[in-house]
Amino acid sequence: MLDEGLLEYQQKCALCHELVHAYYGDDGCFISTKAEIRARKVTALRLISLEDYKALEKIYSNMDYLIACELEVTLEILQDYKRYYLENLFCKSTCYKHV
């Protein structure tokens, strides 16, 4: 059950996060760090499209709060997106050079 005190965009983010846990069969009482990281990553990548993020980054530069507001996600989810998106870019640019 979602906290009715949350705003709609916060409920959307929380629900998506919990659905990821459910999809992977994570035990709610004993969620591992690995499962939590996976849930945060998948949630961020599902709620934020690359095209939308790039467009808003051009407009708002590094003003994460404004970007999060425009995307209707929490600041935490935006920060997770940036972390995983940048991690993915770094891996693509360096990991495959050695193959």
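Residues numbered from 1 in each chain as written. Predicted model: local features only at pLDDT ≥ 70, side-chain atom pairs only at ≥ 80, totals over all residues. Heavy atoms only, no water.

Draft legend 1. The arrangement of unusual backbone geometry in detail. Backbone geometry at S61 places phi at a positive 55°, although glycine is not the residue there. For S61, a relative accessible area of 40% corresponds to the partly exposed category. We note that E72 has phi near 60°; this positive angle belongs to a residue other than glycine. Inspection of the secondary structure assignment puts E72 in the loop between α4 (64-71) and α5 (75-94). (Buried < 20%, exposed > 50% of the residue type's maximum accessible area, 1.4 Å probe, protein only. Helix = DSSP H or I, 4+ residues; strand = E, 2+ residues; numbered from the N terminus.)

Draft legend 2. A look at the pattern of salt bridges. Tallying each qualifying case throughout the model produces five salt bridges. Measuring nitrogen to oxygen at the nearest pair gives 2.8 Å for the salt bridge that ties D64 to K82. Of this pair, D64 sits in helix α4 while K82 sits in helix α5, and the two are 18 residues apart along the sequence. Here D64 matches K82 in class, with each residue buried. Look at the salt bridges and you will find they share partners, linking R40, E76, D80 and R83 into a network. (Salt bridge = Lys/Arg side-chain N within 4 Å of Asp/Glu carboxyl O.)

Draft legend 3. Up close: the layout of surface pockets. Taken as a whole, the largest pocket encloses approximately 160 Å³ of empty space. Forming the boundary of the largest pocket are C13, A14, H17, E18, E36, R40, T43, T74, E76, I77 and D80. Residue assignment for the lining of the largest pocket shows that the elements contributing at least two residues are α1 (8-23), α2 (33-47) and α5. Tallying contributions element by element places α1 first for the lining of the largest pocket, with four residues. Here the residues of the lining of the largest pocket are counted per class, giving three nonpolar, three polar and five charged. (1 Å grid on protein atoms, 1.4 Å probe; cavity = no way out; pocket = protein on both sides within 12 Å on 5 of 7 lines; lining within 4 Å. Points joined across faces, edges and corners; volume = space filled by probe spheres on them. Nonpolar A, V, L, I, M, F, W, Y, C, P; charged D, E, K, R; others polar.)

Draft legend 4. Focus on the environment of E36. Relative to the helices and strands, E36 is located in helix α2. The class of E36 is partly exposed, set by a relative accessible area of 28%. Taking the C-alpha atoms as reference points, E36 and E18, separated by 18 residues in sequence, lie 10.0 Å from one another. With residues up to four places along the chain from it excluded, the contact list for E36 reads H17, H21 and I31. (Contact = heavy atoms within 4.5 Å.)

Draft legend 5. Broad picture of the packing of helix α3 (residues 50-60) against α4. Running from N to C, α3 and α4 cross one another at 140°; their axes reach a closest spacing of 10 Å. When the interaxial angle is binned, α3 and α4 end up oblique. As α3 packs across α4, the resulting crossing turns out to be right-handed. Every residue of α4 that contacts α3 at D52, Y53, L56, E57 and Y60 is listed here: L66, I67, E70 and L71. Partitioned by chemical class, the residues of the contact of α3 with α4 number six nonpolar, no polar and three charged. (Axes fitted to C-alpha atoms, helices over the stretch in contact; angles between N-to-C directions. Parallel < 35°, antiparallel > 145°, perpendicular 65-115°, else oblique. Left-handed = near helix turned anticlockwise from the far one by under 90°.)

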